[in-house]
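# Notes for the structure review
One letter stands for each residue in the lines below.
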Amino acid sequence: MKRRMKKLLALLLCSATLLTACGSPGDAGSSAGGSDSGSSAGTESSESDGGGSGQENNSESKETTTLTFYSMFAGSNLDDAEWFRKLIREKFNIELDVAAGNGDDSVIQAFLASGELTDITAFRDAQSYQAAAQGGMLINLDDYKDKLPNLYENPDYEAAIAHTRDLYGGLYAMPTQIGENGGLFAVPQMRWDLYQQLGRPKIETPEDLLTVLKQMQELEPVSREGANTYGFQLWNDWDGDVMLGFMMGLWRLPTGYYATGPGGICEIKADGSGAPKGMFDEDSHYMEGIRFMFQANQMGLIDPDSASQNEEAMNSKIMNGGALFTGYDSVKYGDTESAEGFYGLATVLPEYFQCVANADRPVGYRWRYGISSKCKNVDKALELLNWYYGPEGINTILNGPEGVLWEWKDGKQVATQTYLDQGRTSVLAEGGTVSNASSFWGVTGYNHNYKINPESGQTYRLKDTDPDFRPQAADAMKADWQSVYGEYSAMYDYVAEADGGKHLIRLNSIGDFIEPKPDEMDSITKQIDAIVIPAQWQAIFAKDEAEFNAIIDQARADAEALGYSRVVEDETARWEAAKKIAENYGVKVD
């Protein structure tokens, strides 16, 4: 089955250009919300109706139904998560035949060009979803409310469903990451042990930060693991929409800025205040950050491999001590437990930092899941989708099945010895780790890191910092940090309270309401990217300020000739329209 789906996917990718040239597939198949008849692309499905309301663990029929499934995320083909395949097989009598997106938009575009989607399809942008809905490729979930109680009987999902209906006339794919949120997008960190050796100097400006990082580099030019140390490790595989991707975590998020919306080339204060400004404008906050990185390189604080290394290479260097400052806390470094010689990364807040906290998302995020209008086994697809959006599905996808990494004890989910010994990297008996399944779906119905599971009173994603989940290990460096800043168990709490809360700014969810970028503007943006992305890398590594200015000035002139100002004007108009819509869904707009 997996070979069949892969062959189909290869065929679609090869033929997508021809299909597109022949015209839109929008008139193929039924109208949006059409029937569940027809043949599903690459499906070996049986004719058993199975279905049910999705509340029972197994349908009465024991005949296995094959559902084709497109997942948008890299490496998400379930080949390494046999435990999840087995769970779905035993629980629903469903075999998943997966086409993995691998983060490549050409895959979904190939399906759209063919006029036929997989039985369950993921969408990561509004344009693809809109094309599928308007092209009659998706069923209207509103026609199957009785089969989807986890969607339609959950008040947390009401606004997301209503907003989607308002935009598209029906619920053709359900949003994800819905509801209340918390936590920080980025958690800036620096070498705590070296900062302590320097006497914890005050950092009031970006220039002060560079000075402190240079002093740290002089204290430890080579890490204990043998890596050359630099203030920053940059990477190149997040670049796009006129922005160098590393700037998100190393400049914009720690200083309170965000993009206006998906694919946006304008910046805005994260709380939605003020007016949008083109990121490549001469006086933008973003360009101030590019100049900051140029200054850092002049001081020898940028790894010279940065322009050619990807995220994986960058993470490897961080884990070996190659970075004195990082924008995220997902990659760990050091020995924090040794009372006599601890070292590693911890959060330090310069005076000018204003860290962006996640927005509440009453209408959810743009990533969605829908069901093909040509699916032969709509009931089985609905059963799986209902489970995915319910508490049991979310808990299983994030934490694995009961009794493996966690178990119930006194109404709480408690870590098993397997988890204490091996963590989430533990390989389940059937094959694969928990993360293999969660990365397959990518997201859940809720903002699961902060949404509380009503069955346990704990967050859906069980956290090592939760004392109900696991005993808290002694951490000498954490204790040292707490002796200075206070005993905070979560970094969000510290950032929210430090210096009267001035370091926290909450993201406004206006961007979730912005209309998709028009095709013409998207095409112009891609042409501009081809000029300004390499130019910014060249400017950061320029030999002097004169060369920096010359590179940026030329790139700005070339971008303007292509229509940069038109894109900024269009994006600003869509932002202002989104603000008005957001107010109708309870979003406070300053």
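Described below are features of the structure shown in this document.

Conventions adopted
Residues numbered from 1 in each chain as written. Predicted model: local features only at pLDDT ≥ 70, side-chain atom pairs only at ≥ 80, totals over all residues. Heavy atoms only, no water. Pairing = 2+ DSSP bridges. Helix = DSSP H or I, 4+ residues; strand = E, 2+ residues; numbered from the N terminus. Axes fitted to C-alpha atoms, helices over the stretch in contact; angles between N-to-C directions. Buried < 20%, exposed > 50% of the residue type's maximum accessible area, 1.4 Å probe, protein only. Arc of directions from axis to C-beta. Contact = heavy atoms within 4.5 Å. Salt bridge = Lys/Arg side-chain N within 4 Å of Asp/Glu carboxyl O. Phe/Tyr/Trp six-rings, centres within 6.5 Å; stacked < 30°, edge-to-face > 60°. Polar contact = N/O pair within 3.5 Å; in protein donor to acceptor, adjacent residues only side chain to side chain.

For the rest of this paragraph, the subject is the sheet that holds strand β5 (residues 189–191). The four strands are arranged β9-β5-β11-β10 in an open sheet whose pairing can be described as antiparallel. Two strands in the sheet have a free side with no partner beyond their single neighbour: β9 (325–326) and β10 (334–335). Where β5 meets β9, two bridges bridge the pair, whose relative direction is antiparallel. In the sheet register, Met190 faces β9, and the bridge partner there is Phe325.

Pairing is mixed in the open sheet, where five strands are placed in the order β2-β1-β3-β13-β4. Only two strands of the sheet have a single partner each, and these edge strands are β2 (94–100) and β4 (174–176). The average undirected angle you get between the axes of adjacent strands in this sheet is 25°. Judged from the seven bridges that link them, strand β1 (residues 65–71) and β2 form a sheet pairing that is parallel. Looking across to β2, one finds that Leu67 is bridged to Leu96.

Here we come to helix α6 (residues 158–168). Residues of α6 that are buried include every one of Ala160, Ile161, His163, Thr164 and Tyr168, and no others. Along the axis of α6, the buried residues cluster in a sector spanning 165°; they form a single face. The exposed residues of α6 that point more than 90 degrees off its buried face are Glu158 and Asp166. The elements touched by buried residues of α6 are α4 (126–134), α5 (149–152), β4 and β13 (365–371). The first or second residue beyond α6 is Gly169, which carries a positive phi of 80°.

What follows deals with the pattern of salt bridges. As enumerated under the stated definition, the model contains 28 salt bridges in all. Note that Glu220 is salt-bridged to Arg191, the shortest N-O span being 2.9 Å. Note that Glu220 is positioned in the loop between α8 (206–219) and α9 (247–252) and Arg191 in strand β5, a separation of 29 residues in sequence. On the accessibility criterion, Glu220 (10% relative accessible area) is buried. Arg191 sits in the buried class, given a relative accessible area of 0%.

Attention shifts here to the packing of aromatic side chains. Throughout the structure, instances matching the rule amount to 38 aromatic pairs. Ring centres of Tyr388 and Trp441 lie 4.3 Å apart, and the angle between their planes is 15°; this geometry places the pair in the stacked category. On the criterion of sequence distance, the pair formed by Tyr388 in helix α12 (residues 378–388) and Trp441 in helix α15 (residues 434–441) is long-range, its members being 53 residues apart. Across the pair, exposure class does not vary: Tyr388 and Trp441 are buried alike.

Within the element layout of this structure, Thr255 appears in the loop between α9 and β6 (257–259). Polar side-chain contacts of Thr255 include one of 2.7 Å to the side chain of His285. If we ignore the near neighbours within four places in the chain, the residues touching Thr255 are Lys269, His285, Tyr352 and Gln354.

Turning to the pairing of β1, a few remarks are in order. Burial within β1 is extensive, with seven of its seven residues counted as buried. Here β1 shows two buried faces, one formed by Thr65, Leu67, Phe69 and Ser71 and the other by Thr66, Thr68 and Tyr70. Looking at chain direction, β1 and strand β3 (residues 120–123) are connected through two bridges and run parallel. Within the sheet, the bridge partner assigned to Phe69 lies in β3 and is Ile120.

All right, on to the environment of Tyr388 then. On the basis of relative accessibility, which here comes to 0%, the residue Tyr388 falls in the buried class. Separated by 238 residues in sequence, Tyr388 and Asn150 place their C-alpha atoms 8.8 Å apart. Beyond its immediate sequence surroundings of up to four residues, Tyr388 is in contact with Thr176, Tyr369, Gly393, Ile394, Ile397, Trp441, Val443, Thr444 and Gly445. Only 2.6 Å separates the side chain of Tyr388 from the backbone oxygen of Val443, close enough to count as a polar contact.

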